[in-house]
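One-letter residues, chain by chain:
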Amino acid sequence: MTSELTQRRKKARKHVVAQILLACWCLYVVNVWAFHTSVRSDWSSDGALTVTEQDKELVRSLPGSVEVVVPLNFGPSVEDQLRTRVLLKAIRWLEELSAIAPNRLQRPLTIAVNREGDKWEIERQEYSPVLEVGDVDQIHFFHDGRRLSLSAEELADFKFPNVLEPESAAEILVDRSREVVEAALRQVVKKDWTRVLVSQGRGEPPLDSRQRNSLRLLKKDLEIRGSIVDPIRLSIEESVPKECDLLIIVAGGEGAFVPFRSSVERGIERQLEAGGGVVILLPPVGVCGLEGLMARHGISVEAGLIAENFPVKQGVVRPQFLGVGRHLDPSHPITAPLNQENFTAGFSTARSLLVEKETTGLLYTGPGAWLERDLGAPRRDLAEIPSPKVLAAATEVGEGKLVVISSYSAVLPDFWKGDVRRFLLACFDWASGENILPPGSGREPISHQIELTAAFRNSFFWTSFLVLPISALAGGLLVAGLRRRGA
Amino acid sequence: MKRAYFLFRKELTSIFVSPVAWIIMVLFTLVMGANLYLSMIAVSGDLKQLVAAGYGGLVSWFMLLVIPPLITMKSLADENRQGALEVLMVTGISDASVVAAKWAAAWTFYVILWCCLLPLWGILGMVGVLDTGVLFVTHLGLFVVGAAYCANGILASALTSHPLASAGLAFMFNVGLFMIHWLRFFFRPGDLELLWVEYLSAVHHIGDELTQGILDIRVFVWWGSFTLLTLFLSARVLERRRW
């Protein structure tokens, strides 16, 4: 009898072990299937993480693997916090895209630089020498030895307190993180690089110098967008190479700028006729030698500099040689995608352009600007009537594209930021005929913010700390009382 | 099935007449209410961020890990200690039904606990725009993850005959599941292992997906299948008595 029981127990044990193994195997099979079968849906009201069919197509069509590294500094200021919020949102969107095909787009590697300094150093070594110490608060995409970086300013339009509006609150005006991230993915895997040539050798700011008066930030920005940027000595070469997509002429710099000869002008004309792009950034004074070419295409330059009254300390208003572009042409391909409201692009020592019918004025100052002909000190005379001035103009020359910017100073490191930088990048995009980084229309973030008035905070405090726990306690006491009565 | 339903009702009633359950409810509403209030101040009244801050923070995780063991600690362990389990077994009800009924009762109480916080969200909804989709999905995730944690509690309760030992064991199981998330530091983005860690990680599911409004069917598959396996193991542990 005992041995029969022992036998049965042994048998039962074997059965149980087999059942448990089978159950574990079922769990494994089901989860392996689920691991490879992701069905996701976005239930948020703004649909910020909703993946469309186009998104899926984009990620699945990526050739090879795209790596993403995001070093974040988590600065304490309100501006830093807003930037970090936008970057985190973009990271979240990248994670969502990565879930479509993790082997095509890797999950972003996020590093909190001010907390994980060692990790940042290790990662920098991994991607060295591409990533520099200062490359924080940017999203870096890597693919096949190429790199593309996005800063928070490219992902969203911000409004920060400034000299003109010191009391205004910092806020995100338009969030374009989705569009810009997708554009960056397209760009980083693109095989054909945009060839950009920058004129040098006639007094222009140097391309690679570390000094303040250089074009290094412009060059870096274009390179990380998948462009090859090289200098060109137009005075020697006189013609533009065929493979050039965009020629940038920075007609100004330290000392006197030497105007171009007519042979160079003919070379530039041929570049336009061949379908290339040309962007001319004007010097503050004098001529650049390309006035004839610009005039033939409906753009002329007025004598004098744009001046405007600006508040300085303690409410004092003083005229300055500064052209602040506030109004954009809403229909032109360069300016239509840019945020039309609160656009503020300041150009130091800017000329005023006159445009003819075929040419489009892209950027205008406010109505308070005037043309100051006395270059010693800006002071508005009665004869100088304020009116909106044209700061940038664009025209199509057959297949080619010409953009004229009224001040070269915008491409110098001190001014290469904010709306100016975004506007100029959009100009370069259009002129080169490449969609280097379409800014996208973006969307205004839906606010779920509530006003934390003292009355509301008080009522919520008492409800959360007292009303709910006391209700639970009362429920318990009631049940205890009922039980006692029942007993 | 009918017997299992009656047992479920009996279990739920016994939970609600127990002072421990009410003490848990008072503590839960107090701690989570305070947590929501402080989170609201921290996110300056941004209701969308509040879901992530309120339900993805340490306090919520502490509650998620501690509450299920406290609810389930007496389910089988206490009955086993008092000898009531043998009486239950001879009524003809199957082990699986006993386990399922006790788990369902514990889980229902757990769901009710989280629903106790809904009045606070109601108040917030009256003064601002609530993202109800995100809130719904987050709660769904808390319930699904909680189902697995309650199942761990039932298994621990079946393994011991001391409620406190059961609670301790269940807490260890839950912490073990919770700690899976930290394995991600051993891997780099792009590693398959990292994707598996995220697949198994409750912190990833709640913090990175559900509180952002993303509902992935894999969350249900993993936690659902894990719950079933744990309940199956609990039933087998109970069955041990019959050998």
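Residues numbered from 1 in each chain as written. Chains lettered and ligands numbered in written order. Predicted model: local features only at pLDDT ≥ 70, side-chain atom pairs only at ≥ 80, totals over all residues.

Looking at unusual backbone geometry
All names here are of chain A.
- Despite not being glycine, D144 has its phi angle at roughly 55°, a positive value.
- Of note, D144 is situated in the loop between β4 (138–143) and β5 (146–151).
- Notably, T349 is not glycine yet its phi reads approximately 45°, a positive angle.
- With respect to the element layout, T349 can be found in the loop between β16 (345–348) and β17 (353–355).
- A tally of 20 C-beta atoms within 10 Å means that T349 is categorised as buried. (Helix = DSSP H or I, 4+ residues; strand = E, 2+ residues; numbered from the N terminus. Buried ≥ 20, exposed ≤ 12 C-beta atoms within 10 Å, placed from the backbone.)

Concerning the packing of helix α2 (residues 19–42) of chain B against helix α4 (residues 58–72) of chain B
Residues and elements named next belong to chain B.
- Relative orientation of the contacting elements α2 and α4 amounts to 175°, with a least axis distance of 11 Å. Classified by the angle their axes make, α2 and α4 are roughly antiparallel. On the side of α2, the interface is formed by I24, F28, V31, M32 and N35, while α4 contributes V59, S60, M63, I67, L70 and I71.
- Per-class residue counts for the contact of α2 with α4 are nine nonpolar, two polar and no charged. (Axes fitted to C-alpha atoms, helices over the stretch in contact; angles between N-to-C directions. Parallel < 35°, antiparallel > 145°, perpendicular 65-115°, else oblique. Contact = placed C-beta atoms within 7 Å. Nonpolar A, V, L, I, M, F, W, Y, C, P; charged D, E, K, R; others polar.)

Here's the deal with the domain arrangement of chain A
- In terms of domain boundaries, chain A breaks down into domain 1 (53–185) and domain 2 (193–432).
- Spacing between the C-alpha centres of domain 1 of chain A and domain 2 of chain A amounts to 29 Å. (Domains from an automatic or database assignment.)

Quick look at the interface of chain B and chain A
- Across the boundary between the two partners, chain B contributes 51 residues, which contact 48 residues of chain A.
- The set of elements that each furnish at least two residues to the side of chain B that touches chain A consists of α1 (2–17), α2, α3 (47–55), α8 (118–127), α9 (132–159), α11 (192–200), β1 (214–216) and α13 (217–239) of chain B.
- With eleven residues, the single largest contributor to the side of chain B that touches chain A is α2 of chain B.
- Considered class by class, the residues forming the side of chain B that touches chain A number 34 nonpolar, ten polar and seven charged.
- Across three bridges, strand β1 (residues 40–42) of chain A lies against β1 of chain B in antiparallel orientation. (Pairing = 2+ DSSP bridges.)

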